[in-house]
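# Working through the structure, step by step
Here's the letter readout for the chains.
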Amino acid sequence: MTMSVAERAELAAAVKDLLGEHCTEADVRRVMGTDDGFDRDLWNKLAAQGVAGLIVDPEYGGVGLGAQELEAVAEVTGAALLPAPFLSSAVFTTALIQAAGADDDKARLLPALAAGASIGTVAATGARGTWAPDGVAVQAVQRDTDYRLTGDAHYVLDGQIADVIIVAAKTDHGIAIFEVAPDAPGFDRTAATVFDPTVRLSTYTFNQTPARRIGTSGWAAVEHALSLTVIALAGEQVGGARRLFDITVEYLKTRIQFGRPIGSFQAIKHMAADLLLEVESATSAAQHAAAQFDADPVGADGPVALAGFACAEAYHTTAMQAIQMHGGIGFTWEHPAHLFLRRARTGRQLFGNSRDHRERYLASKGA
C-alpha cells in the first residue's frame, strides 16, 4: 500500500512528535551509555505506532506500507539520531523474511517483530563487508533435514540484542537463508568496538551450529531486503544532514563576531549555500530511490545505488562542514554536532561503501 503525499507527511509528523518527546539529545546520550544501546520502552511505543511493522504485510500484523513511507519515517528517525533496531529489525529482517520465507515462516516470525516483542537482525557479510555474494563467509552443510553453519559474520547490526537471527550462508547450490536460535550450540556473538555508540554492531561465530532454512530463495531475497535497507539508511542520512544543517544555520544567526552574526559573512554564506545544495540533492536521491522501488523493485537498482553513495557522502560532508562552521565548540563532547558526524561516518560503511554503490550504479547503466 502506498500513501498519498499528505498521508505520508502525517505519518512522519506522528513519529516526529513521539521522538520529540522521548528521543531528545539527552535521551540519546543516556541510552547510548547503556549495555543494550536502546530504550525498549520507546521501541514499544514506536511499534504501537506501526514503525516496527511498517513494511510487514497486514496479514502478519504489520501496516503493509511501501518504500516511500519507509523513507519518510527514516528521515525522522535519522534527524533524532534514534538509537533503536529500526534498520536491523523493522527493515532488514522483516524484508528478508518476507522475500525469502514460506508462509509458515512468515506467520511464525513476523507478528512478534511487527509488535516489537522480538528484535531481529541479519548476518549477511563477512570481514570484507562487501554486502555481496562473494562476501558471505558462513558455510551451510545439510545433514538429513537439518543444516549446520560454520564461519563468521561481521557488522551484524544490533546483534547483541537480537532474538530473531537470520543468516545468509553458502551451500553447495548457492546462497540460502537460515534461522538460528539465540541459544543454539556452537553460536557465539561478540560486541564490536564501534565509533558511534548509537549504532551497535556484533560479530557472529558459528561452529557446526544447527540452523533452519527459511523458504527456498537465495541471494535475490537478500538483495531485495538490502535495497529497502539502503533506502531507509539513505532516509536517515538525509534526515540527519538536514537536522544538523538547521542547527548550524541557527548558530550562524546567533554567534557574534566583530559585532556581527557570523552568518552575515560572505564566506560563511557560501559554505551554507553549498551545504543546502548537498542536503536537497541527497533528499531528492533518497525519495527518488524509494519511489522507483515502489514502482519496480527489480528495476530500481540504479536509483538505490545512487542514493547509497549520494546520501552517505552528503551527510558526511554536511557533518564535517557544520563542525568547522561551529568552530571549537563543535568538537566538544557537549555539542551534538559530533554525534551526527559519528552517525555519518558509520553509515558510510553500512550495507556497502560509496565505492561499492558506485560500481552497482554503473553496472545498472551497463557501464
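Reading the values: the criteria
Residues numbered from 1 in each chain as written. Predicted model: local features only at pLDDT ≥ 70, side-chain atom pairs only at ≥ 80, totals over all residues. Heavy atoms only, no water. Helix = DSSP H or I, 4+ residues; strand = E, 2+ residues; numbered from the N terminus. Areas by Shrake-Rupley, 256 points an atom, 1.4 Å probe, with all protein chains shown as cover. Lys, Arg positive; Asp, Glu negative; His and termini not counted. Charge placed at Lys NZ, Arg CZ, Asp CG, Glu CD. Salt bridge = Lys/Arg side-chain N within 4 Å of Asp/Glu carboxyl O. Core = buried A, V, L, I, M, F, W, Y, C linked by side-chain atoms within 4.5 Å. Buried < 20%, exposed > 50% of the residue type's maximum accessible area, 1.4 Å probe, protein only. Contact = heavy atoms within 4.5 Å. Domains from an automatic or database assignment. Buried area = accessible area lost by both parts, 1.4 Å probe. Nonpolar A, V, L, I, M, F, W, Y, C, P; charged D, E, K, R; others polar. Arc of directions from axis to C-beta. Polar contact = N/O pair within 3.5 Å; in protein donor to acceptor, adjacent residues only side chain to side chain. Expected span 1.5 Å × (residues − 1). UniProt positions renumbered as here; feature names shortened; annotations may be inferred. Axes fitted to C-alpha atoms, helices over the stretch in contact; angles between N-to-C directions. Parallel < 35°, antiparallel > 145°, perpendicular 65-115°, else oblique. Left-handed = near helix turned anticlockwise from the far one by under 90°. Phe/Tyr/Trp six-rings, centres within 6.5 Å; stacked < 30°, edge-to-face > 60°. Lys NZ or Arg CZ within 6 Å of the ring centre and 35° of its normal.

## Here we look at the overall build of the chain
Counting secondary structure elements, the chain contains 11 helices and nine strands. Surface exposure of the chain reaches about 15,400 Å², of which carbon and sulfur atoms provide 52%. Taken as two groups, the 30 positive and 43 negative side-chain charges of the chain have centres that lie 6 Å from each other.

## A look at the pattern of salt bridges
According to the stated counting rule, one finds 16 salt bridges in the structure shown. Between Asp104 and Arg212 there is a salt bridge; the shortest N-O distance is 3.8 Å. Highlighted residues: Asp104 in helix 6 (residues 103-115) and Arg212 in strand 7 (residues 201-213), separated in sequence by 108 residues. Look at the salt bridges and you will find they share partners, linking Asp104, Asp105, Arg108, Glu179 and Arg212 into a network.

## Remarks on the nonpolar core
Ranked by size, the top nonpolar core spans 98 residues in total, and within it Leu19, Trp43, Leu46, Phe86, Leu96 and Phe351 carry the most contacts. The dominant element in this core, judged by the number of residues it contributes, is helix 7 (residues 219-254), at 16 residues. When near neighbours in sequence (up to four residues on either side) are disregarded, Leu19 contacts Thr24, Leu42, Leu46, Val76, Thr77, Ala80 and Leu82. Counting residues in hydrophobic clusters, the runner-up holds 19 residues, among them Ala123, Tyr147, Ala162 and Ala211.

## Description of the domain arrangement of the chain
Domain boundaries assigned for the chain yield domain 1 (5-115), domain 2 (120-217) and domain 3 (220-365). In this complex, domain 2 contributes 15 residues to the contact, which on the side of domain 3 involves 13 residues. The junction of domain 2 with domain 3 conceals about 1,200 Å² of combined surface from both sides, 70% of it contributed by carbon and sulfur atoms. In terms of surface lost to domain 3, no three residues of domain 2 exceed Trp131, Phe195 and Asp196, which account for 50% of the buried area on that side. At the boundary of domain 2 with domain 3, the tally comes to one salt bridge. Per-class residue counts for the side of domain 2 that touches domain 3 are 10 nonpolar, four polar and one charged.

## Quick look at helix 3 (residues 40-49)
All of the buried residues along helix 3 are Leu42, Trp43, Leu46 and Ala47. All buried residues of helix 3 project into a common sector of 145° when viewed along the axis, lining one side. A side-chain oxygen of the first residue of helix 3 lies 2.9 Å from the backbone nitrogen of Asp41; this N-cap is Asp39. Just downstream of helix 3 lies Gly50, where phi reads positive at about 100°.

## Examining helix 4 (residues 67-79)
Look at helix 4: 18 Å from first C-alpha to last across 13 residues, which is about the 18 Å you get at 1.5 Å a residue. Summarising burial for helix 4: 12 of the 13 residues are buried, a large majority. Of the residues trailing helix 4, Leu81 is marked for its positive phi of about 55°.

## Details of the environment of Phe206
Among the structural elements, Phe206 can be located in strand 7. Linking Phe206 and Gly20, residues 186 residues apart in sequence, is a C-alpha distance of 40 Å. In contact with Phe206, not counting residues within four places along its chain, are Val138, Leu149, Thr150, Gly151, Ala153, Val167, Val180, Gly186 and Phe187.

## A short note on the UniProt feature "domain: Acyl-CoA dehydrogenase/oxidase N-terminal" (unreviewed entry) in the chain
Mapped onto the present numbering, the UniProt feature "domain: Acyl-CoA dehydrogenase/oxidase N-terminal" (unreviewed entry) falls on residues 7-116. Within the segment residues 7-116, helix and strand shares are 68% and 0% respectively, and the terminal C-alpha atoms sit 23 Å apart.

## Considerations on the packing of helix 1 (residues 5-22) against helix 3
With their axes 11 Å apart at the nearest point, helix 1 and helix 3 run at an angle of 165° to one another. In terms of their interaxial angle, helix 1 and helix 3 are classed as roughly antiparallel. Seen from above, helix 1 lies across helix 3 with right-handed handedness. Seen from helix 1, the contacting residues are Ala14, Val15, Leu18, Leu19 and His22; seen from helix 3, they are Leu42, Lys45, Leu46 and Gln49.

## What about the packing of aromatic side chains?
Counted under the stated rule, the structure contains eight aromatic pairs. For the pair Phe92 and Phe351, a centre-to-centre distance of 5.7 Å together with 90° between the ring planes defines the contact as edge-to-face. Placement of the pair is Phe92 in helix 5 (residues 86-100) and Phe351 in the loop between helix 10 (337-347) and helix 11 (354-364), with a sequence separation of 259 residues. For the residue pair Phe92 and Phe351, the accessibility class agrees, reading buried in each case. Three or more aromatic residues joined by ring pairs make a cluster, and in this case those are Phe92, Trp131 and Phe351. Its end group placed over the ring of Phe195, Arg342 keeps NZ or CZ at 4.9 Å from the ring centre. The cationic tip of Arg358 hangs over the ring face of Phe309; the distance from NZ or CZ to the ring centre is 4.4 Å.

## Brief notes about unusual backbone geometry
Phi is positive for Trp131, close to 55°, though the residue is something other than glycine. One can find Trp131 in the loop between strand 1 (120-123) and strand 2 (138-143). Classification of Trp131 as buried rests on a relative accessible area of 4%.

## Thoughts on the side chain of Ser227
On the secondary structure map, Ser227 appears in helix 7. Sequence-distant contacts of Ser227, defined by excluding residues within four places in its chain, comprise Phe293 and Val304.

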